[in-house]
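Below, each chain spelled out in residue letters.
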Amino acid sequence: MEPILKIENVCKSFGGLKAVNEVSLEIPKGAIVSLIGPNGAGKTTLFNIITGFYHADSGEIFFDGRKTNDFKIYDYVKVGMARTFQNVRIFKELTVLENVIAGFQGIDPTGPLSILFNTKKKKWIEAEMRKKAEDLLREFGYESYAQDKCKNLPYGIQKKLEIIRALTCDPKLLLLDEPAAGLNSQESIELRGYISALRERGHTIVLIEHDMKLVMDISDYVYVMDYGMLLTKGTPEEVRTNPKVIEVYMGKRR
């Protein structure tokens, strides 16, 4: 099966530091794949390259058969790629519903004249966005929070809201950067079911995560990075018992 995401020999340096060094990986369609490694291993830098926030110094990236090296930042949503961030990036003064509606703005087909004159087409599209946002909140059991301001919500709900907002473009590939960070043990358990539900919806999931129980329980495949390079890859069991991985997380040099 053709992978939905293919990365070939990608490199990225900042000054004299190679943050990502000759990394290659493939993400199968419909899989849940985790990218793990110590802090500073290059995981988030690789995410930023995949999603266009950084340009690779060398190497190639293919998404759904299309080369993305020259994509503009707004092209990724259009082709079906969405992401979340380590730190929650929601509009805290807006309501939950308004935040989800805001996610549709990147795919709003109306032009500036429709916005200026508030045309019938613009009103119809806004009504459709609102309905789809309400449907998403209902699907994931968050409709009761729709009118709550985000700044008043517990951190765990804010994290999940960011994922819901990322679904507004109906992404083929969803990249989650440390979705369990800051969650308590019960919230992490709930997150497992949440991510599994995303796969059932037809999304391919790639996540950076430090919660090893979550990674090992939910992943089909795991890639391990260290010092900007790919250390190893395999199934959760293969990675769990790999001596190199054990050394990185528990060895003398750490």
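Described in the following lines is the structure provided in the data block. (Residues numbered from 1 in each chain as written. Predicted model: local features only at pLDDT ≥ 70, side-chain atom pairs only at ≥ 80, totals over all residues. Heavy atoms only, no water.)

Turning next to the nonpolar core. Leu137, Phe140, Ile164, Leu174, Leu191, Ile195 and Ile205 are the most contacted members of the largest nonpolar core, which totals 38 residues. Within the residue set of this core, elements represented by two or more residues are helix 3 (96-102), helix 5 (120-139), helix 6 (155-166), strand 7 (173-177), helix 7 (185-200), strand 8 (204-208) and helix 8 (212-218). With sequence-adjacent residues up to four places away left out, Phe140 is seen in contact with Ile164, Leu167, Tyr194, Leu198 and Arg201. One finds Phe47, Ile61, Phe63 and Leu173 within the second-largest nonpolar core, a separate group that totals 28 residues. (Core = buried A, V, L, I, M, F, W, Y, C linked by side-chain atoms within 4.5 Å. Buried < 20%, exposed > 50% of the residue type's maximum accessible area, 1.4 Å probe, protein only. Helix = DSSP H or I, 4+ residues; strand = E, 2+ residues; numbered from the N terminus. Contact = heavy atoms within 4.5 Å.)

Turning our attention to the environment of Ile157. Structurally, the position occupied by Ile157 is in helix 6. Excluding residues that lie within four positions of it along the chain, Ile157 makes contacts with Tyr142 and Tyr145.

This part is about the pairing of strand 2 (residues 17-27). Inspection of the sheet shows strand 1 (residues 5-14) paired to strand 2 by seven bridges, in the antiparallel sense. The residue bridging Ser13 from the neighbouring strand is Lys18, located in strand 2. Hairpin connection, strand 1 to strand 2: the antiparallel pair is bridged by two residues, and Gly15 has positive phi, about 65°. (Pairing = 2+ DSSP bridges.)

This model, assessed by the stated rule, comprises six aromatic pairs. Taking the centre distance of 5.5 Å and the plane angle of 90° together, the rings of Phe53 and Phe85 count as edge-to-face. Of this pair, Phe53 sits in the loop between helix 1 (43-50) and strand 4 (58-63) while Phe85 sits in the loop between strand 6 (81-83) and helix 3, and the two are 32 residues apart along the sequence. Taken together, a centroid distance of 5.5 Å and an interplanar angle of 70° make the contact between Tyr221 and Tyr223 edge-to-face. The ring of Phe85 has Arg89 lying over it, and the distance from NZ or CZ to the ring centre is 3.9 Å. Taking NZ or CZ as reference, Lys160 lies 5.9 Å from the ring centre of Tyr194, over its face. (Phe/Tyr/Trp six-rings, centres within 6.5 Å; stacked < 30°, edge-to-face > 60°. Lys NZ or Arg CZ within 6 Å of the ring centre and 35° of its normal.)

The next thing to look at is a nonpolar patch on the surface. A contiguous nonpolar patch, built from Phe14, Phe53, Tyr54, Ile73 and Tyr74 and spanning about 490 Å² of accessible area, is present on the exposed surface. A residue is classified by how much of its surface remains accessible, and Phe53, at 41% relative accessible area, is partly exposed. (Patch = residues over 30% accessible without salt bridge, like charges linked within 9 Å, V, L, I, M, F, W, Y side chains within 5 Å. Areas by Shrake-Rupley, 256 points an atom, 1.4 Å probe, with all protein chains shown as cover. Salt bridge = Lys/Arg side-chain N within 4 Å of Asp/Glu carboxyl O.)

Let's shift gears to helix 5. With 20 residues, helix 5 extends 29 Å between its outermost C-alpha atoms, agreeing within 8% with the 28 Å of an ideal straight helix rising 1.5 Å per residue. Turning to helix 5, its buried residues are Lys122, Ile125, Met129, Ala133, Leu136 and Leu137. Summarising the axial view, the buried residues of helix 5 lie within an arc of 110°, below the 170-degree limit, and thus occupy one face. Structural note: helix 5 exposes Lys120 and Trp124 on the side pointing more than 90 degrees away from its buried face. (Expected span 1.5 Å × (residues − 1). Arc of directions from axis to C-beta.)

Attention now moves to the sheet that holds strand 10 (residues 229-234). Pairing in this open sheet of six strands is mixed, and the strands run 6-7-8-3-9-10 from one edge to the other. On the outer flanks of this sheet lie strand 6 and strand 10, each paired with one strand and no other. Along the sheet, successive strands turn relative to each other by an average axial angle of 20°, direction set aside. With five bridges joining them, strand 7 and strand 8 adopt parallel strand pairing. (Axes fitted to C-alpha atoms, helices over the stretch in contact; angles between N-to-C directions.)

What follows deals with the sheet that holds strand 2. Ordered in space as 2-1-4-5, the four strands form an open sheet in which the pairing is antiparallel. A strand with exactly one partner marks an edge of an open sheet, and here the two such strands are strand 2 and strand 5 (66-67). Where strand 4 meets strand 5, two bridges bridge the pair, whose relative direction is antiparallel. In the sheet register, Phe62 faces strand 5, and the bridge partner there is Lys67. On top of the sheet, helix 1 reaches strand 1, strand 2 and strand 4; it is set at about 115° to strand 1, its chief contact.

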